[in-house]
Amino acid sequence: MSLSIGIVGLPNVGKSTLFNALTRAQNAAAENYPFCTIEANQAVVPLPDARLTQLQGWVGVPQAIPARVDFVDVAGLVKGASQGEGLGNRFLGHIRDVDAIVHVVRCFDDDNVVHVNASPDPADDIAVINTELALADLQQLERRLEKLEREVKGDRELLPALEMARKVEAHIGAGQPLRAFPESDDSAFVALNREMRFLTAKPVIYLANVDEDGLQGDNAYLAGARQIAAAEGAQAIAVCASLEDEIGGLSDEERAEYLSLYDISASSLERLIRECYRRLGLISYFTFNENETRAWTIRGGWTAPQAAGVIHSDFERGFIRAEVIPFSIFEEYQDRNLIKSAGLVQVEGRDYVVRDGDVILFRFNV
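In what follows, the accompanying structure is described. (Residues numbered from 1 in each chain as written. Predicted model: local features only at pLDDT ≥ 70, side-chain atom pairs only at ≥ 80, totals over all residues. Heavy atoms only, no water.)

**Structural notes on the sheet that holds strand β7 (residues 235–239)**
The strands making up a sheet associate through hydrogen bonds between their backbones, and the pairing can be parallel or antiparallel.
Now for step 1: Ordered by their spatial adjacency, six strands build an open sheet running β2-β4-β1-β5-β6-β7, and the pairing between neighbours is mixed. Every other strand in the sheet has two partners, leaving β2 (41–46) and β7 as the edge strands with one partner each. Taking the axes of each pair of neighbouring strands and ignoring which way they run, one obtains an average angle of 25 degrees across the sheet.
Now for step 2: Sheet topology note: the strand β5 (residues 100–106)/strand β6 (residues 204–209) ladder contains six bridges and is parallel. Its bridge partner lying in β6, isoleucine 101 is registered against valine 204.
Now for step 3: The strands that helix α1 (residues 15–23) touches are β1 (3–8), β2, β4 (68–73), β5, β6 and β7; relative to β2, the one it contacts most, it runs at about 30 degrees.
Now for step 4: Docked against the sheet, helix α4 (residues 122–151) engages β1, β5 and β6, running at close to 145 degrees with respect to β5. (Pairing = 2+ DSSP bridges. Helix = DSSP H or I, 4+ residues; strand = E, 2+ residues; numbered from the N terminus. Axes fitted to C-alpha atoms, helices over the stretch in contact; angles between N-to-C directions. Contact = heavy atoms within 4.5 Å.)

**Notes on the packing of helix α5 (residues 159–173) against helix α6 (residues 187–196)**
Now for step 1: Where α5 contacts α6, the axes come no closer than 9 Å and their chain directions differ by 75 degrees. Taken as axis vectors, α5 and α6 run roughly perpendicular relative to one another. Along its contact with α5, which presents Pro160, Met164, Ala165 and Val168, the element α6 presents Ala188, Phe189 and Leu192.
Now for step 2: Along the lines of polarity and charge, the residues of the contact of α5 with α6 split into seven nonpolar, no polar and no charged. (Parallel < 35°, antiparallel > 145°, perpendicular 65-115°, else oblique. Nonpolar A, V, L, I, M, F, W, Y, C, P; charged D, E, K, R; others polar.)

**Some remarks on the environment of valine 104**
Now for step 1: The topology assignment puts valine 104 in strand β5.
Now for step 2: In this structure, the C-alpha to C-alpha distance between valine 104 and valine 8, residues 96 residues apart in sequence, is 6.1 Å.

**Brief notes about the nonpolar core**
Now for step 1: Judged by nonpolar contacts, the single largest core of 68 residues is most densely connected at Leu3, Phe71 and Ile95.
Now for step 2: Apart from the residues within four sequence positions on either side, isoleucine 95 is in contact with Gly6, Val8, Val74, Ile101, Leu133, Leu199 and Lys202.
Now for step 3: Grouped together as the second largest cluster of nonpolar side chains are 17 residues, Leu145, Ala165, Leu178 and Phe181 included. (Core = buried A, V, L, I, M, F, W, Y, C linked by side-chain atoms within 4.5 Å. Buried < 20%, exposed > 50% of the residue type's maximum accessible area, 1.4 Å probe, protein only.)

**Things to note about the packing of α4 against α5**
Now for step 1: The interhelical angle for the contact between α4 and α5, taken along N-to-C directions, is 155 degrees, at an axis separation of 10 Å. The orientation of α4 with respect to α5, classified from their angle, is roughly antiparallel. Of the two elements, α4 crosses α5, and the hand of that crossing is left-handed. In this structure, α4 uses Ala134, Asp137, Leu138, Leu141, Glu142, Leu145, Leu148 and Glu149 to contact α5, whose residues at the interface are Ala161, Leu162, Ala165, Arg166, Val168, Glu169, Ile172 and Gly173.
Now for step 2: A breakdown of the residues in the contact of α4 with α5 according to their chemical character gives 10 nonpolar, one polar and five charged. (Left-handed = near helix turned anticlockwise from the far one by under 90°.)

**Quick word on the packing of aromatic side chains**
Now for step 1: Applying the stated criterion across every chain yields a total of nine aromatic pairs.
Now for step 2: Plain terms: the ring middles of phenylalanine 189 and phenylalanine 198 are 6.5 Å apart, the flat faces sit at 15 degrees to each other, and that makes the pair stacked.
Now for step 3: Classification of phenylalanine 189 as buried rests on a relative accessible area of 3%.
Now for step 4: Here phenylalanine 319 and phenylalanine 362 contribute two aromatic rings whose centre-to-centre distance is 6.4 Å and whose plane-to-plane angle is 65 degrees, an arrangement assigned as edge-to-face. Here phenylalanine 319 is found in strand β10 (residues 319–325), whereas its partner phenylalanine 362 is found in strand β12 (residues 359–364), with 43 residues between them in sequence.
Now for step 5: Joined through ring pairs, the aromatic side chains of Trp58, Phe286, Phe288, Phe327 and Phe330 make up one cluster.
Now for step 6: A cation over an aromatic ring shows up here: arginine 51 above the ring of phenylalanine 327, its NZ or CZ 6.0 Å from the ring centre.
Now for step 7: Over the ring of phenylalanine 108 we find arginine 106, and its NZ or CZ is 4.5 Å from the ring centre. (Phe/Tyr/Trp six-rings, centres within 6.5 Å; stacked < 30°, edge-to-face > 60°. Lys NZ or Arg CZ within 6 Å of the ring centre and 35° of its normal.)

Given below as structure tokens:
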């Protein structure tokens, strides 16, 4: 599985600049006017994980293949987007399939960069986007409700689905995102969300786009964005998209040195993906053979057969056992033969729950 992240926000808040910085690919138009992005920009980005290259060195293979993250830069949304304003319906459709939403909020003043309103206002800007996402969910749900109300007359088994749809409608109508829906674990809601792909059910990370001065401390805009995020139980990450875009072409060492001047220990990409992983409950495990080391993304709590299925369905179907070395053990010995001689290779069965950083060899038969 791969992680898919949609980038949303008002026009001219820095989404495309951020996209270019995150992906280190100048393929997203970033201009000083609304709707310079029309089609969604998409890029596949390798997931930064130092453990993968460490493992590559220890086992002495020529290639390291990281897990991937798919970024989708959606064109700016405006008030009325759910009704089609600013090509809104077209834009909203691009984020139905993503796993998480990064909501970019402008937290800087610059007379040379136009804003859709007189000046940036994080509270108002966030409210506009959240309202449009909620209205889009309601519109879609209303059509599903009409169909369910007709179908339930001939099939009473659909009654639980109808009742759940009504509860969801009331929850969104009360101004609450489905991320906060109290019955989100109910099977009827899970089935409805799988079908509807509700926008307000997706985890959100707020990315406060600040200027270079904003990296040195809070400003009123950033404080406001963080307050809103905290009230939702979300995270607000401060990023200077223009700065990261400028240094995107530097080597990793040069980037690290430059970022250290601003007391930033990790890149925007690393901080963002780390938070997305946390919110989605994702972890990584590793495999290796004579040619490569490789990282795989799974959900926390998955068993060994489920994790094997990410590589190939045959691995899950014919699962026999998993030979597991925790990363901490590999880090200590740095040699699989020494680990094996010390009796530290764990032989695990179908019930084993994979842990973050496990190095695994799957045995299977089909």
